[in-house]
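A closer look at the structure
Chain by chain, the residues:
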Amino acid sequence: MRSRNGGFIGLISLLAVFAMAPVRAQTSDQIQAALDAAYAKYKDIKEGKNADYIPALARVDPKIFGIALVTTDGKIHTAGDVKSEVSIQSISKVFTMAKVMEQQGPDAIVQRIGVDATGMRFNSIVAVEFAEKALGGPEINPLVNPGAITATSMVQGGSRDEVWQSILDFHSAFAGRPLRVDQEVFDSEAASNQRNQAIGALMYAYGFIKDNPGQAVDIYTEQCAIAVNAKDLGTMAATLANAGKNPVTGKQVMKVQNVPEVLAVMATAGLYDDSGKWLYRTGLPAKSGVGGGIIAVSPGKFGIAVVSPPLDEAGNSVRAQKAITDISNTLHGNPYAPVSAKAK
Ligand code: DON
């Protein structure tokens, strides 16, 4: 017997079938076309300005613009300049946080630092005061400076060198090649990082950092000076998209079970006080750095990175935000999108 709502139910069934339709794969040509289109569209825009609170960053060529998308089956697509290196800056916070999870488990991050958005700038001291006084505990996250310096202090090792080497090796494994430090950037930031030294001292005073805050700030400053190009960053992002296995080298770089927590913190706080806007537009866990890089992760599909130094007011690369948004939306990268719109 046909129900009185037969037409409506029929429509719903049709939509359900449509929603369960198999995921359509993007071809290499479609991916390359999306990268080329974004590169051409944003190559000549003049918005934004290099970070200059670290003097060496003001000297970086603002015209550098490179895009790299690496699929979870290890195919690398590029557009523009993917060879020029910039300093990784805050993008390193993701991998140092992951290193702490590897050594101590994800709960160590929640218990010591917190995983909540501060809604404030990345180097806010008020955010620490507020978390300590008003909220009474670890209510920040490892992607803003106070939480990041604390995370660096938590990396295990018998000496400064051992801690540093394990951080550098971990970043290199994600990139799939041995990375090095840009000494000019390290020296420049070390000479001008009094605010971060104050943040380290405050985190020590409140008991978040247990010992030697000066060393934590020094290693944090060095990790921020790791030199990377767009291809390195794209591969690092793809390793997170591929459940912690570098899809280019085939090496399992981090534990599969820690990847969701890493992505969750990126989604919450990866673009600082603009994280909500970013997630609204793209749905992608991501992380920016004041060197001009942004990485973004479409789980199970691809990692993408753009390098372009001019930043907006929140400290995020202007071209990188625009290019990643366009490319991901063209390739159905948003993990929250209805199933019917998804394609691999
Ligand atoms: O601590 C700093 O100020 C820099 N080394 C890193 C800041 C950063 O990249 C924030 N990013 N958007």
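Residues numbered from 1 in each chain as written. Predicted model: local features only at pLDDT ≥ 70, side-chain atom pairs only at ≥ 80, totals over all residues. Heavy atoms only, no water.

**Re the packing of aromatic side chains**
- In this structure the tally under the stated criterion is five aromatic pairs.
- Taken together, the aromatic side chains of Tyr 53, Phe 122 and Tyr 272 make up a single cluster linked through ring pairs.
- A cation over an aromatic ring shows up here: Arg 319 above the ring of Phe 65, its NZ or CZ 5.0 Å from the ring centre. (Phe/Tyr/Trp six-rings, centres within 6.5 Å; stacked < 30°, edge-to-face > 60°. Lys NZ or Arg CZ within 6 Å of the ring centre and 35° of its normal.)

**Here's the deal with the environment of Val 228**
- By secondary structure assignment, the location of Val 228 is in strand 4 (residues 227-228).
- Sequence spacing of Val 228 and Met 203 is 25 residues, and the spatial spacing of their C-alpha atoms is 29 Å.
- Those residues in contact with Val 228 that lie beyond four places of it in its chain are Ser 84, Glu 85, Val 86, Ile 88, Leu 179 and Leu 233. (Helix = DSSP H or I, 4+ residues; strand = E, 2+ residues; numbered from the N terminus. Contact = heavy atoms within 4.5 Å.)

**Quick look at the site of the ligand**
- Around the ligand lies a shell of 14 residues, among which Tyr 53, Gln 89, Ser 90, Glu 189 and Tyr 220 are the nearest.
- In the model, a nitrogen atom of the ligand is placed 2.6 Å from a nitrogen or oxygen of the Glu 189 side chain.
- For the ligand, whose accessible area on its own is 340 Å², the fraction buried by protein is 99%.
- Its residues placed into classes, the shell around the ligand shows six nonpolar, seven polar and one charged. (Near = heavy atom within 4 Å. Polar contact = N/O pair within 3.5 Å; in protein donor to acceptor, adjacent residues only side chain to side chain. Areas by Shrake-Rupley, 256 points an atom, 1.4 Å probe, with all protein chains shown as cover. Nonpolar A, V, L, I, M, F, W, Y, C, P; charged D, E, K, R; others polar.)

**Notes on the nonpolar core**
- With 76 residues, the main nonpolar core has Phe 95, Leu 233, Leu 240, Val 262 and Met 266 as its most contacted residues.
- Broken down by element, this core gets its largest block of residues, eight residues, from helix 8 (residues 160-175).
- The next biggest cluster of nonpolar side chains, apart from the first, holds 23 residues, and it includes Ala 34, Ala 38, Phe 302 and Val 306. (Core = buried A, V, L, I, M, F, W, Y, C linked by side-chain atoms within 4.5 Å. Buried < 20%, exposed > 50% of the residue type's maximum accessible area, 1.4 Å probe, protein only.)

**A look at the pattern of salt bridges**
- Overall, the coordinates contain twelve salt bridges when judged by the stated rule.
- Taking the shortest distance from any N to any O, the salt bridge between Arg 180 and Glu 85 comes out at 2.8 Å. Taken together, the residues span a long stretch of sequence, with Arg 180 in the loop between helix 8 and helix 9 (183-190) and Glu 85 in the loop between strand 2 (76-80) and strand 3 (86-87) at a distance of 95 residues.
- Under the relative-accessibility criterion, Arg 180 is labelled partly exposed at 46%.
- For Asp 218, the salt bridge identified is with Arg 160, shortest N-O distance 3.0 Å. Of this pair, Asp 218 sits in helix 11 (residues 213-224) while Arg 160 sits in helix 8, and the two are 58 residues apart along the sequence.
- Look at Asp 218 and you get partly exposed, because its relative accessible area is 30%.
- Among the residues examined, Arg 160 registers a relative accessible area of 22% and is labelled partly exposed.
- Taken together, the salt bridges that share partners define one network made up of Glu 85, Arg 177, Arg 180 and Asp 232. (Salt bridge = Lys/Arg side-chain N within 4 Å of Asp/Glu carboxyl O.)

**Observations concerning the environment of Ile 226**
- Mapped onto the elements of the fold, Ile 226 is located in the loop between helix 11 and strand 4.
- With 41 residues separating them along the chain, Ile 226 and Val 185 place their C-alpha atoms 8.8 Å apart.
- Discounting chain neighbours no more than four positions away, the residues touching Ile 226 are Val 86, Ser 87, Ile 88, Trp 164, Leu 168, His 171, Leu 179, Arg 180 and Val 181.

**A closer look at the packing of helix 8 against helix 12 (residues 230-241)**
- One way to put it is that helix 8 packs onto helix 12 with a least axis distance of 7 Å and a crossing angle of 90 degrees. It follows from the interaxial angle that helix 8 and helix 12 lie roughly perpendicular. For the pair helix 8 and helix 12, the contacting residues are His 171, Phe 174 and Ala 175 in the first and Asp 232, Thr 235, Met 236, Thr 239 and Leu 240 in the second.
- Along the lines of polarity and charge, the residues of the contact of helix 8 with helix 12 split into four nonpolar, three polar and one charged. (Axes fitted to C-alpha atoms, helices over the stretch in contact; angles between N-to-C directions. Parallel < 35°, antiparallel > 145°, perpendicular 65-115°, else oblique.)

**Quick notes on the side chain of Asn 229**
- For Asn 229, the position within the fold is in the loop between strand 4 and helix 12.
- Residue class for Asn 229 comes out buried when judged on its relative accessible area of 11%.
- Within polar-contact distance, the side chain of Asn 229 engages the backbone oxygen of Val 82 at 3.5 Å.
- Look past the residues within four positions of Asn 229 in its chain and what remains in contact with it is Val 82, Lys 83, Ser 84, Glu 85, Arg 177 and Val 307.

**A look at the sheet that holds strand 6 (residues 293-298)**
- Reading across from one edge, 2-1-7-6-5 is the order of the five strands in this open sheet, with antiparallel pairing throughout. At either end of the open sheet lies a strand with only one pairing partner, and these are strand 2 and strand 5 (286-288). Averaged over all pairs of adjacent strands, the angle between strand axes in this sheet comes to 10 degrees, irrespective of strand direction.
- As paired elements, strand 1 (residues 66-71) and strand 7 (residues 302-307) share six bridges and run antiparallel to each other. Bridge pairing in strand 7 places Ala 68 opposite Ala 305. (Pairing = 2+ DSSP bridges.)

**Quick word on the confidence of the model for the protein**
- Per-residue pLDDT for the protein has a mean of 91; in total, 91% of the residues score no lower than 70.
- Counting interchain partners and residues more than four positions distant, the pLDDT-below-50 stretch residues 1-24 has 13 contacts. (pLDDT = per-residue confidence, 0-100.)

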